[in-house]
Amino acid sequence: MGGVEVSVLIPAAGNGERLGLGPKAFLRVGGRTLLEWALSPFQGAAEVLVALPPGLKPPRGLRAVFLEGGKTRQESVARLLEAASLPLVLVHDVARPFVSRGLVERVLAAAQATGAAVPVLPLPDTLIRPEGEAYGEVVPREALRLVQTPQGFFTALLREAHAYARRRGIAATDDAQLVRALGYPVALVAGERTAFKITYPEDLPLAEALARTWNG
């Protein structure tokens, strides 16, 4: 990671309810846990902080500092932020095991330059607004993007965004939404199809297949 002073924050305190296989951090794919996969592209980071479900014993042999997570992803990130000691942070989902070092470097470079950056992808499929059970209005996909992680920010900026969200009662599914709520622009960089999020049971065979050929 080029010796950049960056804290990597991995909120991994979710229980994986949609998968129904227990905490995602310890789900095994290709012989490794999702947490091991998630840590892999950040081996050169100066600081790595991971939030785990309350009461769960941290795994041994991993280069990270483990904290107790909150009830939501947002709460977990806020706790990790309190412990972060470096001027830049990268926030990454533990459920995205296949992140290349190239993607990390793109996000990190953009975050250094702008203060906030996220990877995105164009949508390949047709989008509609259903009318009951019927085919409805088509939503132009050209104007939309899928958002991924890791997301990079100035640490002070993200702390301000989380504090603002707490005061205003704002809940969000990622940190870029909180930064944008401050009125601060978030830069977009090219994401990668392989950095998909394991969410549903049918995602697991795809992950297993990719794990057999993945070299990051």
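Quick caveat: nothing in here was measured; it's all calculated off a predicted structure. Counting restarts for each chain: residues are numbered from 1 in the order of the written sequence. Per-residue local features are limited, in this predicted model, to residues with pLDDT of at least 70; the limit for side-chain atom pairs, both in listing and counting, is 80 or more; totals at the level of whole chains, interfaces and linings are taken over all residues. Values shown for side chains rest on all heavy atoms present in the structure; no hydrogens or waters enter the calculation.

Asker: What am I meant to see in the overall build of the protein chain here?
Answerer: Summing up its helical and strand segments, the protein chain has 6 helices and 12 strands in all. We take the radius of gyration over the C-alpha atoms and set the globule estimate at 2.2 Å times the residue count to the 0.38 power. In terms of C-alpha radius of gyration, the protein chain reaches 17 Å, essentially the compact-globule figure of 17 Å for 216 residues. In terms of overall dimensions, the protein chain has a C-alpha envelope of 50 × 40 × 35 Å along the principal axes. Burial classification: accessible surface area is computed with a 1.4 Å probe over protein chains only, and a residue below 20% of its type maximum counts as buried, one above 50% as exposed, and the rest as partly exposed. Scored against the burial criterion, the 216 residues of the protein chain give a buried share of 47%. Considering only residue pairs separated by 6 or more positions, the protein chain has 69% of its internal contacts joining residues 24 or more positions apart. All accessible-area figures derive from a Shrake-Rupley calculation using a 1.4 Å probe, and residue coverage is judged against the displayed protein chains alone. A total of about 11000 Å² of accessible surface is found on the protein chain, and carbon and sulfur atoms cover 54% of it. Charged side chains in the protein chain number 24 positive and 21 negative. The centres of these two groups are separated by 4 Å. In this text, helices come from DSSP runs of H or I with a minimum length of four residues, and strands from runs of E with a minimum of two, each type numbered from the N-terminal end. Should any heavy atoms of two residues lie within 4.5 Å, those residues are considered in contact. When charges are counted, neither His nor the chain ends are considered; positive counts come from Lys and Arg and negative counts from Asp and Glu. Here the site of a charge means NZ on Lys, CZ on Arg, CG on Asp, or CD on Glu.

Asker: Would you mind going over empty space enclosed by the protein with me for this structure?
Answerer: Over the atoms a probe the size of a water molecule is rolled, and this reveals where empty space is left. Using protein atoms alone on a 1 Å grid, points that fit a 1.4 Å probe yet trap it form a cavity, whereas open point sets bounded by protein on both sides within 12 Å along at least five of seven lines form a pocket; residues with an atom within 4 Å of a point count as lining. Grid points are joined across faces, edges and corners, and a volume is the space filled by probe spheres set on the points. Applying the stated criterion across every chain yields a total of 1 cavity of 30 Å³ or more. Size it by volume and the largest cavity reaches roughly 30 Å³. Those elements that place two or more of their residues in the lining of the largest cavity are helix 2 (73-83) and helix 5 (175-181). For this classification, the nonpolar set comprises Ala, Val, Leu, Ile, Met, Phe, Trp, Tyr, Cys and Pro, the charged set comprises Asp, Glu, Lys and Arg, and every other residue, Gly included, is treated as polar. Grouping the constituent residues of the lining of the largest cavity by class yields 2 nonpolar, 3 polar and 3 charged.

Asker: In this structure, what is going on with the pairing of strand 8 (residues 127-131)? I would like to understand it.
Answerer: Every other side chain in a regular strand lies on the same face of the sheet, so the side chains alternate between the two faces. A pair of strands is treated as paired once DSSP finds two or more bridges between them. Of the strand pairs in this sheet, strand 8 and strand 9 (residues 134-139) are connected by 4 bridges, and their pairing is antiparallel. Looking at the pairing, Arg129 lines up with Glu137 of strand 9.

Asker: Whenever I open this one, unusual backbone geometry confuses me. Can you help?
Answerer: The general pattern is negative phi for most residues beyond glycine and trans for most peptide bonds. Here the amide bond leading from Thr149 into Pro150 is cis, since omega sits at 10°, within 30 degrees of zero. Within the element layout of this structure, Pro150 appears in the loop between strand 10 (145-147) and strand 11 (151-154).

Asker: What is the right way to read the layout of surface pockets from this model?
Answerer: For the second largest pocket, the calculated volume is near 370 Å³. If you trace the second largest pocket, you find 18 residues lining it, with Arg96, Leu146, Val147, Gln148 and Lys197 closest to the centre. Looking at the lining of the second largest pocket residue by residue, the classes come out as 6 nonpolar, 5 polar and 7 charged.

Asker: Please clarify how the packing of helix 2 against helix 4 (residues 155-168) should be interpreted in this entry.
Answerer: A packed helix pair is summarised by two numbers, namely the angle formed by the two axes and the spacing between the axes. Between N-to-C directions, angles cover 0 to 180 degrees, with each direction set by a line fitted to C-alpha atoms, over the stretch in contact for helices. Where helix 2 meets helix 4, the closest approach of the two axes is 10 Å, and the angle between their N-to-C directions is 135°. Classified by the angle between their axes, helix 2 and helix 4 sit oblique to one another. Handedness of the crossing formed by helix 2 with helix 4: left-handed. Residues Gln74, Val77, Ala78, Leu81 and Glu82 of helix 2 lie in contact with helix 4, whose contacting residues are Thr155, Leu158, Arg159, His162, Ala165 and Arg166. Tallied by class, the residues present in the contact of helix 2 with helix 4 amount to 5 nonpolar, 3 polar and 3 charged. Roughly parallel refers to an angle under 35 degrees, roughly antiparallel to one over 145, roughly perpendicular to one between 65 and 115, and oblique to any angle outside these ranges. By the definition used in this description, the sense in which the near helix is turned from the far one sets the handedness, with an anticlockwise turn below a right angle giving left-handed and a clockwise turn giving right-handed.

Asker: What is the right way to read a nonpolar patch on the surface from this model?
Answerer: Every patch collects residues that have over 30% relative accessible area and no salt bridge, joining them within 9 Å if they carry like charges and within 5 Å if they are nonpolar side chains (Val, Leu, Ile, Met, Phe, Trp, Tyr). Take a side-chain nitrogen of Lys or Arg and a carboxyl oxygen of Asp or Glu: if they are within 4 Å of each other, that pair is a salt bridge. Among the surface-exposed residues, Ile128, Tyr135 and Val138 lie close enough to one another that they form a single nonpolar patch of about 290 Å² accessible area. Along the chain, Val138 turns up in strand 9. With relative accessibility at 47%, the residue Val138 sits in the partly exposed group.

Asker: Would you take a moment to explain the packing of aromatic side chains for this structure?
Answerer: Aromatic ring pairs are defined here through the distance separating the ring centres and the angle between the ring planes. Each Phe, Tyr or Trp ring (for Trp, its six-membered ring) is paired with any other whose centre lies within 6.5 Å, and the angle between the two planes then decides the class: stacked below 30 degrees, edge-to-face above 60, tilted in between. Within this structure, the stated rule accounts for 3 aromatic pairs. For the ring pair Phe98 and Phe196, a centre distance of 6.3 Å and an interplane angle of 40° mean the geometry is tilted. Of the two residues, Phe98 is situated in the loop between strand 6 (88-91) and helix 3 (101-114) and Phe196 in the loop between strand 12 (187-190) and helix 6 (203-211); the sequence distance between them amounts to 98 residues. Members of the aromatic cluster, connected to one another through ring pairs, are Trp37, Phe98, Phe196 and Trp214. In this analysis the charged atom, NZ for Lys or CZ for Arg, is taken to sit over a ring once it is within 6 Å of the ring centre and within 35 degrees of the ring normal. The ring of Trp37 is capped by Arg32, whose NZ or CZ atom sits 4.3 Å from the centre of that ring.

Asker: Which parts of the structure should I look at to understand the pattern of salt bridges?
Answerer: Applying the stated rule across the entire model yields 5 salt bridges. The shortest N-O distance in the salt bridge between Arg129 and Glu137 comes to 3.5 Å. Glu137 gets classed as partly exposed once you look at its relative accessible area, which sits at 47%.

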